[in-house]
Amino acid sequence: MSDTIDLGDEFDADWIGLIDEGAPAPDAWDSANAPGSIKAKFGWDDDYVERVNPSGKGIVGGTKSAIVGYFQSAQDLYAAADFYAWGIDHRFPRFTVKERVGATKIYNEKRVVGAGVLQMSASEVRETFDHNRMIWQLKCELLSSLTEIVFMPEYQRIIGLGPQVVPLIIESLREEVDHWFWALTSIVGYDHGAGAETMQEAAERWIAWYDALMGDE
Amino acid sequence: MSSPQLDALALQYLEQGCPRLPQSTYRQTSPRTKRYNCIAWAAGDSTRWWWPPHPLVGGSHWPDGLPGDVTLENFERAYETLGYRRCHGPELEDGLEKVAVYALNGTPTHAARQLASGRWTSKCGESFDIEHPLAEDVGGGVYGEVAFYMSRPSTSA
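Each residue is numbered by its place in its chain's sequence as written, counting from 1. All chains are assigned letters beginning at A, and all ligands numbers beginning at 1, according to the order in which they are written. Only residues with pLDDT of at least 70 are given local features in this predicted model, and only at 80 or more are side-chain atom pairs given and counted; all residues enter the totals for whole chains, interfaces and linings. Derived side-chain values reflect all non-hydrogen atoms in the structure, with water molecules and hydrogen atoms excluded from consideration.

A. Structural context of the overall build of chain A. The helix and strand labels rest on DSSP assignments: H or I over at least four residues marks a helix, E over at least two residues marks a strand, and numbering proceeds from the N terminus. Helices and strands together make up the secondary structure of chain A, namely 9 helices and 5 strands. When the helices and strands of chain A are read in sequence order from the N terminus, they spell out β-β-β-α-β-β-α-α-α-α-α-α-α-α. Burial status across chain A gives 47% buried among its 217 residues. A contact between two residues is defined here by any heavy atoms of the two lying within 4.5 Å. Sequence separation of 24 or more characterises 55% of the internal contacts of chain A that already satisfy a separation of 6 or more. The protein chains shown are the only cover counted for residues, whose accessible areas, like all others here, come from Shrake-Rupley with a 1.4 Å probe. Accessible area of chain A: about 10,900 Å², with a carbon and sulfur share of 51%. Burial classes follow relative accessibility: with a 1.4 Å probe on protein chains only, a residue under 20% of its type's maximum area counts as buried, one over 50% as exposed, and anything between as partly exposed.

B. Examining the pattern of salt bridges more closely. The salt bridge definition used is simple: a Lys or Arg side-chain nitrogen within 4 Å of an Asp or Glu carboxyl oxygen. For the coordinates displayed, the defined rule picks out 17 salt bridges over all chains. The partner of A:E197 in a salt bridge is B:R48, with the nearest N and O atoms 2.7 Å apart. In this pair, A:E197 is assigned in the loop between α8 (181–188) and α9 (199–214) and B:R48 in the loop between α2 (38–42) and β2 (49–50), connecting two distinct chains. The partner of B:K34 in a salt bridge is B:E126, with the nearest N and O atoms 3.8 Å apart. Taken as a pair, B:K34 in the loop between β1 (27–28) and α2 and B:E126 in the loop between β7 (120–123) and β8 (129–132) lie far apart in primary sequence, 92 residues in all. Relative accessible area serves as the criterion here: at 5%, B:K34 is assigned to the buried category. Taking relative accessible area as the criterion, B:E126 reaches 1% and is therefore assigned buried.

C. Spotlight on the interface of chain B and chain A. Across the boundary between the two partners, chain B contributes 30 residues, which contact 26 residues of chain A. One can count 4 salt bridges joining chain B with chain A. Between A:E176 and B:K34 there is a salt bridge whose closest N-O contact spans 3.9 Å. N or O atoms closer than or at 3.5 Å make up a polar contact, with two conditions inside protein: a donor-capable atom paired with an acceptor-capable one, and, for residues adjacent in sequence, both atoms drawn from side chains. Counting every contact that joins chain B to chain A gives 11 residue pairs in polar contact (both at pLDDT 80 or more). Put simply, the parts of the chain that give the side of chain B that touches chain A at least two residues each are α1 (4–17) and β3 (60–61) of chain B. The biggest single contributor to the side of chain B that touches chain A is α1(B), with 5 residues. Note on residue categories: nonpolar means Ala, Val, Leu, Ile, Met, Phe, Trp, Tyr, Cys or Pro, charged means Asp, Glu, Lys or Arg, and polar means any other residue, Gly included. Taken together, the residues of the side of chain B that touches chain A sort by class into 14 nonpolar, 11 polar and 5 charged.

D. Looking closely at the packing of aromatic side chains. Each Phe, Tyr or Trp ring, with Trp reduced to its six-membered ring, pairs with another whose centre is within 6.5 Å; inter-plane angles below 30 degrees give stacked pairs, above 60 give edge-to-face pairs, and intermediate values give tilted ones. The full count for this structure, using the stated rule, is 13 aromatic pairs over all chains. Between A:W206 and A:W209, the aromatic rings sit 5.3 Å apart at their centres with planes inclined by 85°, giving edge-to-face as the arrangement. Note that A:W206 and A:W209 are positioned in helix α9 at a spacing of 3 residues, about one turn of the helix. What makes A:W206 buried here is its relative accessible area of 0%. Owing to a relative accessible area of 18%, A:W209 belongs among the buried residues under this scheme. Note on B:Y79 and B:Y84: the rings are 6.0 Å apart at their centroids and 90° apart in plane angle, and the pair reads as edge-to-face. This pair shows no difference in class: B:Y79 is buried, exactly as B:Y84 is. These aromatic residues form a ring-pair network of at least three members: A:F129, A:W136, A:Y155 and A:W180. Comment: the charge-over-ring label is applied if NZ (Lys) or CZ (Arg) is within 6 Å of the ring centre and within 35 degrees of the ring normal. In this structure, B:R113 is placed above the aromatic ring of B:W41, and the distance from its NZ or CZ to the ring centre is 5.0 Å. Over the ring of B:Y36 we find B:K123, and its NZ or CZ is 5.2 Å from the ring centre.

If you want it as structure tokens, here you go:
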């Protein structure tokens, strides 16, 4: 029979490693409580969905009003955690480890998601930027609508990288004019391209601002 | 920056997004560029990105005095500033040049301009300029369908 170790509100620092972007979609998961699998609950009290991922990677859950579902990344969990408490049952052949965490604690606990997202190295920022930029550019290939272009999830993800991404955006602007002005204004807090009539002009203003800031001019 | 791989991918995207194009005799007439868009190109401007202004986006152009709404009415008013008025259809008429404005679910998406030959020219988002036989050739996909046509007295000799 299985014993249960309930961790209460204490985090297991390893839990973040259980999230794997390559994990299969929830519907493909086996619902059996296979040894070594991870069983995830999400939501308050009885109002949750639980699934088992036999690969031991990834978690899934849903609640009454919003199926949060399969988390593709730590960032998704971070966003979801703003609203919900969650729990994970780590099932092993001879015992189960339960984690139960309140929403506020997740939201405030930097070391949880911060381990992967809030403390990204410069190379991780670049990798994330390059990846999202490529997908964003492809998805916008046929679009003219500026709002559609800047509301793409990949573009928002780049904004979410914060000030560290500004040099990369400027570098990208030097190579090719693109719709980076919303992102730059959002991160910097001021529109240094304001009043520009063309994208080229707006790009030049932002590059000039950056160069002046860096002391190159 | 353009590369053969990106161009091939862009062409694939174009034909997927405009599913009638592969059946037409369309041809590519420019490299890919993000300096201007379809609305500008139909207006005869290849230097700016025309779209109703948004306070945070920047770098776009829209005729003075028009609002920031992304509506067919606003797009009609934008072309009216260039002398265009609504007309009944796409056929080539002596002394007139025409534009077609497209919409998907009532929201403007694209514009094309008729050439003196009667064919149409489109700038497809951030992609190529293309020339296509019919205005409808770029419909049926991401751009929806032609919402209305506008014409004005020809400005070319």
